[in-house]
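Structural characterization, general
Below are the chains, spelled out letter by letter.
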Amino acid sequence: MVSIKGGRKRLMTSAVATATAGLALGAFAVSGTASGATNSAEAGRHAKPTIVLEHGAFADGSSWNGVITALRADGYPVVAAANPLRGPSSDAAALRTVLDHVKGPKILVGHSYGGNVISEAATNDPEVKALVYVAAFLPAPGESALELTAKYPGSTLPDALDPVTYRQADGSTATDLYIQQDKFRHQFAADVPAGQAALMAAEQRPIAQSALEEKATSAAWKTIPSWDIVTTRDLNIPAAVQRFMAKRAHARTTEVAASHSVAVSHPHLVADVIERAARTTVR
């Protein structure tokens, strides 16, 4: 496990198990082959995998901007998918349409609730070579995001929520969840500059309350090598919960003293972990 605190990197040796585990930025013209590659078999063997990014609740694809910039600088094709935030099953189906369109090997990355989505979307997909979880859920079948959040104390999210109930076309009611804008930075992005956090609060996309209650039906981390970034100053998903899930998944874990918005506050760290997963699993 790699531990990173206060912006300084400190390597810590620990026993970690062997890994068994919006729209596209740049448009859907991105494919599994790196820019400029030919169609020859030799070029195909050395092409870099496409990195597919799935954002979580209270965010959108722009939350990956810094990560995308770093990955592209290193020659990786990138797709940032738009997550509907309606429920793991339907959101995974939406993500699979993106995965089916992007040819060749892929590294699938999920932040927060996006972890639920990639765990289902990648199941039985031989082109997904690695999973990278970023301050994310790694549910087992039968578990929900809400259940996992409450497994250990530390989440202050319930008191920061702004629920909005509305009537659906069939006459039933449903509830969307936002984070109150005046609480957004403290709750979600404490290590992000205030001006940027204010923009994130205004741009946040709500998640259906039912999505957090929906139970997982599959867990791709059981068969696909996994990496996990654990955020130790996270007020949404407590670090103890993240460590529990990472250990269970035998994920290669990096810890960082960061808020839930680690992809915004530490984009190069996140990109480095993604690239490590890519180099390890795609040769």
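Preceding this paragraph is the structure being described.
Presented here is an overview of the structure given in this document. In this text the structure is predicted, and so the values were computed from the model without any measurement.

What counts and how
What you see as residue numbers is a count from 1 along each chain, following the sequence as written. Only residues with pLDDT of at least 70 are given local features in this predicted model, and only at 80 or more are side-chain atom pairs given and counted; all residues enter the totals for whole chains, interfaces and linings. Calculated side-chain values reflect all of the structure's heavy atoms, with hydrogen atoms and water omitted. Any residue under 20% of the maximum accessible area for its type is buried, any over 50% is exposed, and the rest in between are partly exposed; the area is computed with a 1.4 Å probe on protein chains only. The secondary structure listing takes helices from DSSP runs of H or I that are at least 4 residues long and strands from runs of E that are at least 2 residues long, numbered from the N terminus. The rule for pairing is simple: two strands pair if DSSP sees at least two bridges between them. For a crossover, the right-handed case is the one in which the path from the first strand over the helix to the second runs clockwise, viewed with the strands pointing away from the viewer. Throughout, the protein atoms alone are placed on a 1 Å grid, and a set of points is a cavity if a 1.4 Å probe fits but cannot get out or a pocket if it is open with protein on both sides within 12 Å along at least five of seven lines; lining residues have an atom within 4 Å of a point. Grid points are joined across faces, edges and corners, and a volume is the space filled by probe spheres set on the points. Following the grouping adopted for this structure description, the nonpolar residues are Ala, Val, Leu, Ile, Met, Phe, Trp, Tyr, Cys and Pro, the charged ones are Asp, Glu, Lys and Arg, and the polar ones are all others, Gly among them. Within this scheme, the nonpolar core is defined by two criteria: the residues are buried Ala, Val, Leu, Ile, Met, Phe, Trp, Tyr or Cys, and they are joined through side-chain atoms within 4.5 Å. Salt bridges, as used here, are contacts in which a Lys or Arg side-chain nitrogen is within 4 Å of a carboxyl oxygen on Asp or Glu. Each axis is a line fitted through C-alpha atoms, and for a helix only the stretch in contact is used; angles between axes span 0 to 180 degrees, taken between their N-to-C directions. Working rule for angles: under 35 degrees goes down as roughly parallel, over 145 as roughly antiparallel, 65 to 115 as roughly perpendicular, anything else as oblique. It is the rotation of the near helix from the far one that decides the hand of a crossing: anticlockwise by less than a right angle makes it left-handed, clockwise makes it right-handed. Here, two residues are considered to be in contact whenever any of their heavy atoms come within 4.5 Å of each other.

Turning our attention to the pairing of strand β3 (residues 50-54). Two faces belong to every sheet, and in a regular strand the side chains alternate between them. Within β3, five of the five residues are buried, which leaves the element mostly enclosed by the surrounding structure. Residues of β3 alternate between two faces, with T50, V52 and E54 on one and I51 and L53 on the opposite face, all of them buried. Where β3 and strand β5 (residues 106-111) come together, five bridges link them in parallel fashion. The partner of L53 across the bridge, within β5, is V109. Sheet topology places β3 next to strand β4 (residues 78-81); four bridges connect them, and they run parallel. Within β4, the position partnered with V52 by the bridge is V79. In this fold, β3 hands off to helix α2 (residues 65-73), which returns the chain to β4; that crossover is right-handed.

In this section: empty space enclosed by the protein. Each pocket or cavity is described by its volume, and for the largest cavity that value is around 60 Å³. A59, S63, W64, H111, F188, M200, H260, S261, V262, A263 and V264 together form the lining of the largest cavity. If you tally residues by element for the lining of the largest cavity, the top one is helix α11 (residues 262-265), at three residues. Its residues assigned to classes, the lining of the largest cavity comprises seven nonpolar, four polar and no charged.

Further remarks concern the environment of P193. Summarising the element assignment, P193 is placed in the loop between α7 (181-188) and α8 (194-203). Sequence separation of P193 and S265 is 72 residues, and the distance between their C-alpha atoms is 8.5 Å.

One finds F58, L95, L108, L131 and I207 to be the most contacted residues of the largest nonpolar core, which totals 51 residues. For this core, the element with the most residues is helix α3 (residues 88-101), which contributes four residues. Within the second largest apolar cluster, 30 residues are counted, among which are I107, W227, L269 and A277.

Looking now at the sheet that holds strand β9 (residues 207-208). What the three strands build is an open sheet, ordered β7-β8-β9; its pairing is antiparallel. Since the sheet does not close on itself, it has two edges, and those belong to β7 (161-167) and β9, each with one partner. By the bridge criterion, seven bridges tie β7 to strand β8 (residues 173-179) in an arrangement that is antiparallel. Paired with P163 across the two strands is L177, which belongs to β8.

Our focus in this paragraph is the pattern of salt bridges. Taken as a whole and assessed by the stated rule, the structure comprises six salt bridges. One salt bridge connects K106 with E127, and the closest N-O pair in it is separated by 2.7 Å. Here E127 lies in the loop between α4 (114-121) and β6 (128-134) and K106 lies in strand β5, a separation of 21 residues in the sequence. According to the relative accessible area criterion, K106 is buried, its value standing at 1%. R248 serves as the salt-bridge partner of E143, at 2.9 Å between the closest nitrogen and oxygen. Of the two residues, E143 sits in the loop between β6 and α5 (145-149) while R248 sits in helix α10 (residues 239-248), which places them 105 residues apart along the sequence. The class of E143 is buried, set by a relative accessible area of 13%.

Where α7 meets α8, the axes come as close as 9 Å, and the angle between the chain directions of the two elements is 120 degrees. In terms of their interaxial angle, α7 and α8 are classed as oblique. Helix-helix and strand crossings are classified by hand; for α7 and α8 the assignment is right-handed. Contacts between α7 and α8 involve Q181, F184, R185 and F188 on the former and, on the latter, A194, A197, M200, A201 and A202. For the contact of α7 with α8, the per-class residue count stands at seven nonpolar, one polar and one charged.

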